[in-house]
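Single-letter residue listing:
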Amino acid sequence: MTGIDTTFLIDLEILESPRHTAAVEVFNNWRNEKNSILVIYSNVFNEFLHVVTDPRRFKNPVPMETAIERCWYWIDHSRVRVVYSDDDSLKRQLLWMSMYNLGRKRINDITMAAAYAQAGVSKIITANPDDFEILNTFEIIKY
């Protein structure tokens, strides 16, 4: 299974993103792999909503209603599984933060990574491989 970082959803949605074309290519490759499952950590949707609707970040931010519709697309997709933090992923998160001396700016990424690891995710699609490489847990798919 392949987890996705918030950057991937943002770059798929925002046409002005310099990574938009690459994200679309990764998305199309996934669509063509008929048995491939994408895993999305629940908080990715919150981050997505926060970023794509922000007029300070983009000339053409996404209206909230449209952004929410995009979340529903992913949540209802038959080849997408949404995962959540649980007791075991919290323990893994705290362990990794201690082991790798990670600070407050890494909390969201490590929480996501811990939930993905608990769910059996082996790959992560991201534009920010540095956020996950230190863990030596996932194959990183950078676009």
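Higher on the page you've got the structure.
Procedures and definitions
- Residues numbered from 1 in each chain as written.
- Predicted model: local features only at pLDDT ≥ 70, side-chain atom pairs only at ≥ 80, totals over all residues.
- Heavy atoms only, no water.
- Helix = DSSP H or I, 4+ residues; strand = E, 2+ residues; numbered from the N terminus.
- Expected span 1.5 Å × (residues − 1).
- Buried < 20%, exposed > 50% of the residue type's maximum accessible area, 1.4 Å probe, protein only.
- 1 Å grid on protein atoms, 1.4 Å probe; cavity = no way out; pocket = protein on both sides within 12 Å on 5 of 7 lines; lining within 4 Å.
- Points joined across faces, edges and corners; volume = space filled by probe spheres on them.
- Nonpolar A, V, L, I, M, F, W, Y, C, P; charged D, E, K, R; others polar.
- Contact = heavy atoms within 4.5 Å.
- Pairing = 2+ DSSP bridges.
- Axes fitted to C-alpha atoms, helices over the stretch in contact; angles between N-to-C directions.
- Salt bridge = Lys/Arg side-chain N within 4 Å of Asp/Glu carboxyl O.
- Core = buried A, V, L, I, M, F, W, Y, C linked by side-chain atoms within 4.5 Å.

A.B. asks: Tell me about helix 6 (residues 107-119), and name the residues and values.
C.D. replies: Taking 1.5 Å as the rise per residue, helix 6 with 13 residues should run 18 Å; its terminal C-alpha atoms sit 18 Å apart, in good agreement. Of all 13 residues in helix 6, 10 are buried; the element is thus mostly enclosed. Among all positions in helix 6, only D109, I110, T111, M112, A113, A114, A115, Y116, A117 and A119 are buried.

A.B. asks: Give a detailed account of the layout of surface pockets, specifying residues and quantitative values.
C.D. replies: Approximately 290 Å³ is the volume attributed to the largest pocket. Only helix 1 (6-13), helix 3 (42-52) and helix 6 provide two or more residues apiece to the lining of the largest pocket. Looking at the lining of the largest pocket residue by residue, the classes come out as 6 nonpolar, 5 polar and 10 charged. There is about 150 Å³ of room inside the second largest pocket. In this structure, the second largest pocket is lined by L9, L12, E13, F27, F48, R70, Y73 and W74. Those elements giving two or more residues to the lining of the second largest pocket turn out to be helix 1 and helix 4 (64-76). Of the residues in the lining of the second largest pocket, the class split is 6 nonpolar, no polar and 2 charged.

A.B. asks: Break down helix 4 for me, citing the residues and quoting the values.
C.D. replies: Over its 13 residues, helix 4 runs 18 Å from end to end, which matches the ideal 18 Å to within 8%, given 1.5 Å per residue. On the buried face of helix 4, the contacting elements are helix 1, helix 2 (20-32), strand 2 (38-41), helix 3 and strand 3 (80-83).

A.B. asks: Could you give me a rundown of the sheet that holds strand 5 (residues 139-142), with the residues and numbers involved?
C.D. replies: In spatial order, the strands read 3-2-1-4-5; together these 5 strands make up an open sheet with parallel pairing. Each of the sheet's edge strands pairs with one partner strand only, and the pair in question is strand 3 and strand 5. Within the sheet, the average angular offset between the axes of one strand and its neighbour, ignoring direction, is 30 degrees.

A.B. asks: An account of the pattern of salt bridges is requested, with residue identities and associated values reported.
C.D. replies: Scanning the model with the defined rule gives 4 salt bridges in all. Here D54 and R56 are joined by a salt bridge, their closest N and O atoms 3.3 Å apart. In this structure, D54 engages R57 in a salt bridge whose closest nitrogen and oxygen atoms are separated by 3.0 Å. Accessibility expressed as a relative area gives 8% for D54, which makes it buried. We classify R57 as partly exposed; its relative accessible area is 45%. Three or more residues joined by partner-sharing salt bridges are found here, namely D54, R56 and R57.

A.B. asks: Talk me through the nonpolar core; I want residue IDs and the actual numbers.
C.D. replies: Looking at soluble globular proteins, one finds that nonpolar side chains tend to be buried together. I4, F8, F48, W74, W96, Y116 and F138 are the most contacted members of the largest nonpolar core, which totals 46 residues. Setting aside residues no more than four positions away along its own chain, F8 makes contact with A23, V26, F27, I125 and Y143.

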